[in-house]
Amino acid sequence: MPMHVVKPLDELEELLGWQCPTDFNKTSIPKLAKSYQLPNRRRTLICHDLKGGYLNDNQPEPVSSNNYVFYNWQYCDIFVYFSHHLVTIPPVGWVSAAHANSSLILGTLLTEWDKGAAICASMFEDKEKAELMVDKLVQIAAFYGFDGWLVNIENEIDPEQLEVLLHFVWRLTNKMKEVKSYSQVIWYDSVTIPDGKLEWQNELNDMNAAFFNLADGIFLNYCWKPQQLTSSLDFIATCHELGGDEKYRYNDVYVGVDVFGRGSLGGGGFNTKVALKECAAHEMSVALFAPAWTWECSSSSDEDNSDFVSRDAKFWSLIKTLLPNKVTHIELPFHTSFCTGIKETADGKKKLFLAHQQPIPSCVVLDDHSSQTSFFDETRSGLVIKMPAVSKKTDLNLFFLNHSVHGAVNLKLSYSLSADNACPVFLCAETNTNPAEEQLSAEDREVSVTVYSGVITGVKLIIRLPGDAESGDELTFACSLTINELSITESEVSCDSPPY
């Protein structure tokens, strides 16, 4: 069955009358691993806003390769597909890509301006109608396989309807949990208590805490000052000490940072790092809005995406140390050729198959600016690593894992070493006990390691210097190879008889 074209809903009547489509194969959407858990640390929410959304990423057929591709999933805990429609349903390709890379993905419920106020007046006229809205939103999320909602009410609310709005947030949060225990409903910092005014607070305080208490988190507006981050933390600490039933959670406060710079500290763009440094210093979660700025403001032609590729690599290289890395949750057998979704078709053209995006490794951007890691070979499948000036031992983390071994587990890498490769390269499986590693050989095309017990915490490549180069001489060597595929499978070797 062909992929269904996902469309947003603009009218309340559309939402009330929504029925499950019959031209859609739900089994085509990958699910998160059974072991998935939202990490208990500060997190990163990516809010994807690109020219109003639904450009062509909701089409059932592959589209031009000159489109935005997100491949920095190792920094993304929650991905929000955003647009200025009433109900934004994430396209199937984005749901597939997010789940393949262990990220939650949320839709958006948005009302704004006079039309939004009129819709809210109807939605929240009583609890029964609000509950009908919740039921429909839960049904939509369950049908399309995504994991919750960003609730963005950017218009004033009649004070007499605030109780119904709070009930709506509470019920949506809890009903989504009945479908998926790890679901998330995030409230955007907008309407205030007790007057229902549209007054962005840019911090967590008494005027928006009631919504935060009932949702899974809050997305703070972008125009904050550093002292407001401190105030938010102090507010959480004070409420926690009072022993109330608010269930305050530090990691559930997402500090808004607009990459377009509208009101954000530092002005956004390549200076987004200024705001992110403050968030990191306060150990607070981040809601990064519109990182597709790197594509939207690029100068690439229809046939060439090179300017975007360069801008995107620069943007993430500047902020990657300010965001926590994510564990990839896997189920065996696990396979990836690191495909970003762009493939070469039979007629020789490059097309974007977003739903075909595979797990993307963590080493998208290297620390050394003289180095280059590229995903953009002819078919944009496989990991091309080019490091022209290696001067010290280098670890390239492919995936951070937390996989318990029940019986032996085999990790196999298919690869090719370039003729100009001068550095010994090793495949390493890190564990909570002893790492297992094997060297790649120019004569072979595969290398494997086996783990017999414990927990696999990561998969990485270790690049060492050749011969006597470790003697302290300031020498540099080239490292160049292509990783074609990584697979992790249960091994046929008995765990009762490891070879050591």
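Here the structure is shown first, and the text comes after it.
Residues numbered from 1 in each chain as written. Predicted model: local features only at pLDDT ≥ 70, side-chain atom pairs only at ≥ 80, totals over all residues. Heavy atoms only, no water.

Novice: Would you mind showing me how to read the overall build of the protein chain here?
Specialist: Across its full length, the protein chain holds ten helices and 22 strands. Burial analysis of the protein chain (500 residues in total) assigns 56% to the buried set. Sequence-distant contacts in the protein chain: of pairs separated by 6 or more residues, those separated by 24 or more amount to 77%. As displayed, the protein chain offers around 21000 Å² of accessible surface, 48% of which is attributable to carbon and sulfur atoms. (Helix = DSSP H or I, 4+ residues; strand = E, 2+ residues; numbered from the N terminus. Buried < 20%, exposed > 50% of the residue type's maximum accessible area, 1.4 Å probe, protein only. Contact = heavy atoms within 4.5 Å. Areas by Shrake-Rupley, 256 points an atom, 1.4 Å probe, with all protein chains shown as cover.)

Novice: I tried to follow a negative patch on the surface on my own but got confused; where do I start?
Specialist: A contiguous patch of negative charge, built from Glu-443, Asp-444, Glu-446 and Glu-485, is present on the exposed surface. One can find Glu-485 in strand 22 (residues 477-490). Look at Glu-485 and you get partly exposed, because its relative accessible area is 36%. (Patch = residues over 30% accessible without salt bridge, like charges linked within 9 Å, V, L, I, M, F, W, Y side chains within 5 Å. Salt bridge = Lys/Arg side-chain N within 4 Å of Asp/Glu carboxyl O. Lys, Arg positive; Asp, Glu negative; His and termini not counted. Charge placed at Lys NZ, Arg CZ, Asp CG, Glu CD.)

Novice: What's the story with the sheet that holds strand 16 (residues 394-404) in this structure? I'm lost.
Specialist: Sheets are built from strands paired through backbone hydrogen bonds, the pairs being either parallel or antiparallel. Spatial ordering of the open sheet is given by 16-21-18-19, a layout of four strands whose pairing is antiparallel. The open sheet has two edge strands, strand 16 and strand 19 (436-439), and neither has a second partner. Across the sheet, the axes of successive neighbouring strands diverge by a mean angle of 15°, strand direction being ignored. Strand direction decides the pairing type here: strand 16 and strand 21 (residues 455-463), joined by eight bridges, are antiparallel. Considered in strand 21, the bridge of Asn-397 is made with Lys-460. (Pairing = 2+ DSSP bridges. Axes fitted to C-alpha atoms, helices over the stretch in contact; angles between N-to-C directions.)

Novice: Looking at this structure, I do not really get the environment of His-48. What am I missing?
Specialist: With respect to the secondary-structure elements, His-48 resides in strand 1 (residues 44-48). For the pair His-48 and Tyr-81, spaced 33 residues apart in sequence, the C-alpha separation works out to 5.2 Å. Excluding residues within four positions of it along the chain, His-48 makes contact with Tyr-68, Phe-79, Val-80, Tyr-81, Phe-82, Trp-94 and Ala-292.

Novice: What is the right way to look at the environment of Ile-330 in this model?
Specialist: Relative to the assigned elements, Ile-330 resides in the loop between helix 10 (306-319) and strand 11 (334-336). Exposure remark for Ile-330: the relative accessible area of 8% places this residue in the buried category. Between the alpha carbons of Ile-330 and Ala-100 there is a distance of 9.1 Å; along the sequence they are 230 residues apart. Not counting residues up to four positions away in its chain, the partners in contact with Ile-330 are Ala-33, Ser-35, Leu-401, His-403 and Ile-488.

Novice: Help me understand helix 4 (residues 127-144), please; the structure alone is not making it clear to me.
Specialist: An α-helical turn contains 3.6 residues, so any two residues separated by three or four positions project in the same direction. If you check helix 4, its first and last C-alpha atoms are 26 Å apart, about what 18 residues at 1.5 Å a residue would give, namely 26 Å. Lys-129, Ala-130, Met-133, Val-134, Lys-136, Leu-137, Val-138, Ile-140, Ala-141, Phe-143 and Tyr-144 are the residues of helix 4 that are buried. Measuring from the side-chain oxygen of the N-cap residue of helix 4 to the backbone nitrogen of Glu-128 gives 3.2 Å; that N-cap residue is Asp-126. Immediately downstream of helix 4, the backbone of Gly-145 shows phi near 80°, a positive value. (Expected span 1.5 Å × (residues − 1). Polar contact = N/O pair within 3.5 Å; in protein donor to acceptor, adjacent residues only side chain to side chain.)

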